[in-house]
Structure formats: C-alpha cells, structure tokens
Amino acid sequence: MKSITHHIRLSLSGFGNLQGQIEVWDLKLKKQISKFQATDSTLLEWSYDGEFILTATTSPRLRIGNGYRIWHYTGSLLQEIILDTYEELYDIRWKPVPEGTYIGKPTIYTPVPGIKSKFAQVSKEVYRPPGAQGKPASFKLHEEEQPKISSSDASNVQLSKNQKKNLARKAKKELEKSFESHVKSKPEPTAQNEKYSRELTGDPEKDKKIRALLKKLDQIEKLKEDQQAGKSLELNQLEKIKKAGELEAELAKLQLN
C-alpha cells in the first residue's frame, strides 16, 4: 500500500502484488472522493496543480504493456498511451514548474468527462460457487441420463434434440437385442440326418465304427435327396444306396451290444 499526499488530497494505492486500486481522499473533510483501478501500475505521481494523477507501467519492473495514463482525481481516465510490445518505458515525470504557479481549486466529487480504457479491467467480483450463494448446484452426476417417460404422457412432453437422439438409440438397442435373442432361440439346421440313432456305447473301438457307419448313411441320405430332386447319379453312387440296408443293420447291431 502506498500513500501520496498533495496539499488537501491524499491518494492510497496498491501496486505490485495488488491489482492497482487507487483511492483519493479529501484530507480536510476526511471523505473519499473517488476510487478507480490502474492495472499493472508501477508508478504514481500527482500533478503540481493537484488536479491530475499520473500512473505508469515501467521497465524493468514490468517489461510488457509499458506506458502511462493520466487521471483526474475524481477517477476519470483522461489519456492512455501504451507502447508497442517490444518497447520499454523506464521512467516518466511531470515537467517541473516554479512553486506557486498553480492556485488550488475547490474539490469536486462528480467525475469529470473522460475516456474508456482500451484494456479490459479485472473483474471486481470474486467467484463464489452456487452453494455459497444459497443456490442449488446446476450440474448432474449423470448428464446423459434422461427422464423416463410413460406412454400416457409422452405426447405432452417437449423433448430436446439430445433427448430424442438418446431415446432413438435406446430403442434401436432394444430392437437389436430382441432380434438377437429371437435368432438364438431358433434351432440351427443340422447337416446330420436324424433318421439314425447316434448313441455311442462308450467302447472306443465300437464307437469308431458307429461314427464311420453314420457318416456313410448320411452320405446315402444325401444321394437319395439328390435322386428325388431329379439329379442323375453315377453307378457307384447307386451302389452305395443299395447298401443302405446292410449298413443300417450293422449300426443297430453295434449299438445293441
């Protein structure tokens, strides 16, 4: 905190780690005249007539945004000169004048006309979460979770675009799931002919013969289907069909023993 007095007016300012707040007080009446902010200032100096305040950002304290501003003590910004990015300002002062050149004027409290700074000022409001302001929190634990809507009142509810998309995706997934369960429940066609018993005996030798006989009988059944469909068969294929009875008898004998 820095204080500078000019006859009947006192300026209090906070530079460095502070945000550049400046207060101007009337010493006689002990009344605040103005309060304003000169961001990034490293220097403050009153004019000799006590009407104006010079603030500046200088190097080497700060090497970016060097320049100066002239304020009226009522808090109005009158002039702002900011140098280019790579230019530096090392010092700036009011031009000295002989003592007694200026006569003090009565203090006013209404800000005089000024200009608007080209640089945005830091927000004066401190962030407070909704809970600290007595307001309910606006976030949800599950943002994607949509309210369940019954068929009776669905027509009376206006859904957002995202809600419609989510409901469409959900309906599509349920349809796909239903289709998959239907397909799984449907028995798959088997290439094996169920005309013959495929029971095994537990004897490795017999079971090997049973499997071989079943394979031959399946082939014969396939040939019979081709013959019924009008397909011409070779002589050896016709001979196989004739042996079907013998193979069936042999299969039955192995499965009984």
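Residues numbered from 1 in each chain as written. Predicted model: local features only at pLDDT ≥ 70, side-chain atom pairs only at ≥ 80, totals over all residues. Heavy atoms only, no water.

Looking up the protein chain in an unreviewed UniProt entry gives the name Eukaryotic translation initiation factor 2A, with the organism given as Stegodyphus mimosarum.

Glancing now at the packing of aromatic side chains. Centre distance and the angle of the planes are the two values used to describe a pair of aromatic rings. Applying the stated criterion to the full structure yields one aromatic pair. Note that R9 overlies the ring of Y73, its terminal NZ or CZ placed 3.9 Å from the centroid. Above the plane of the ring of Y109 lies K31, whose end atom (NZ or CZ) is 4.4 Å from the centre. (Phe/Tyr/Trp six-rings, centres within 6.5 Å; stacked < 30°, edge-to-face > 60°. Lys NZ or Arg CZ within 6 Å of the ring centre and 35° of its normal.)

Inspection of the secondary structure puts T57 in strand β6 (residues 52-57). Looking at T57, the relative accessible area reads 3%, which means it is buried. There is a polar contact of 2.8 Å between the side chain of T57 and the backbone oxygen of D40. The residues contacting T57, other than those within four sequence positions of it, are T39, D40, S41, T42, L62, I64, G65, N66, G67 and L89. (Helix = DSSP H or I, 4+ residues; strand = E, 2+ residues; numbered from the N terminus. Buried < 20%, exposed > 50% of the residue type's maximum accessible area, 1.4 Å probe, protein only. Polar contact = N/O pair within 3.5 Å; in protein donor to acceptor, adjacent residues only side chain to side chain. Contact = heavy atoms within 4.5 Å.)

This part covers the sheet that holds strand β7 (residues 67-72). Whether parallel or antiparallel, the strands of a sheet pair through hydrogen bonds between backbone atoms. Overall, antiparallel pairing links the four strands, which are arranged β5-β6-β7-β8 in an open sheet. Of all strands in the sheet, those bounded by a partner on one side alone are β5 (43-46) and β8 (77-82). Strand-to-strand, the axes of this sheet are offset by a mean angle of 15°, without reference to chain direction. (Pairing = 2+ DSSP bridges. Axes fitted to C-alpha atoms, helices over the stretch in contact; angles between N-to-C directions.)

Once that is clear, we can look at the packing of helix α2 (residues 204-228) against helix α3 (residues 235-242). Orientation of α2 relative to α3, taken along the N-to-C sense of each, is 115°, at an axis distance of 9 Å. Our pair here, α2 against α3, has a crossing hand that is left-handed. Facing Q219, I220, L223, K224 and Q227 of α2, the residues of α3 in contact are Q237, L238, K240 and I241. Tallied by class, residues from the contact of α2 with α3 come to four nonpolar, three polar and two charged. (Left-handed = near helix turned anticlockwise from the far one by under 90°. Nonpolar A, V, L, I, M, F, W, Y, C, P; charged D, E, K, R; others polar.)

Counting buried residues in β7 gives five out of six residues, a clear majority hidden from the surface. Here β6 runs beside β7; their pairing, made up of six bridges, is antiparallel. Looking at the pairing, L54 lines up with I70 of β7. Relative to β8, β7 is paired through five bridges, and the arrangement is antiparallel. Residue pairing across strands places Y68 opposite I81, the latter belonging to β8. As consecutive antiparallel partners, β7 and β8 are separated by four residues, and within that stretch G75 has a phi angle of approximately 100°, a positive value.

Given a rise of 1.5 Å per residue, 13 residues ought to cover 18 Å, and the 18 Å separating the end C-alpha atoms of helix α4 (residues 244-256) matches this to within 8%. Looking only at α4, the buried set comprises A244, L247, L251 and L254. The buried side chains of α4 occupy one side of the element, clustering within an arc of 95° when seen end-on. In α4, the exposed positions that point more than 90 degrees away from the buried face belong to E246, K253 and L256. Looking at the buried residues of α4, the elements they touch are α2 and α3. (Expected span 1.5 Å × (residues − 1). Arc of directions from axis to C-beta.)

Where like charges cluster on the molecular surface, the positive patch consists of K161, K165, R169 and K173. Relative to the assigned elements, K173 resides in helix α1 (residues 161-185). (Patch = residues over 30% accessible without salt bridge, like charges linked within 9 Å, V, L, I, M, F, W, Y side chains within 5 Å. Areas by Shrake-Rupley, 256 points an atom, 1.4 Å probe, with all protein chains shown as cover. Salt bridge = Lys/Arg side-chain N within 4 Å of Asp/Glu carboxyl O. Lys, Arg positive; Asp, Glu negative; His and termini not counted. Charge placed at Lys NZ, Arg CZ, Asp CG, Glu CD.)

The next thing to look at is α2. With 25 residues, α2 should cover 36 Å at 1.5 Å per step; its first-to-last C-alpha distance of 36 Å lies within 8% of that length. Those residues of α2 lying buried are D207, I210, L213, L214, L217, D218, I220, E221, L223 and D226. Considering only its buried residues, α2 is in contact with α3 and α4. Measuring from the backbone nitrogen of E205 back to the side-chain oxygen at the start of α2 gives 3.1 Å, which picks out D203 as the cap. In the segment just after α2, G230 is the residue with positive phi, at about 95°.

In this model, S59 is joined to P60 through a cis peptide bond whose omega is 10°. In this structure, P60 sits in the loop between β6 and β7. Positioned with a positive phi, K30 is a non-glycine residue whose angle comes to about 55°. Within the secondary structure, K30 is located in the loop between β3 (21-26) and β4 (31-37).

Let us look at the nonpolar core. Counting 13 residues, the largest nonpolar core has L217, I220 and L251 as its most contacted members. Every element with two or more residues in this core is listed here: α2 and α4. No other element matches the six residues that α2 contributes to this core. Excluding anything up to four places from it in sequence, L251 contacts Y196, S197, I210, L213, L214 and L217. Counting 12 residues, the second largest nonpolar core, distinct from the first, contains I22, I33, I53 and Y73. (Core = buried A, V, L, I, M, F, W, Y, C linked by side-chain atoms within 4.5 Å.)

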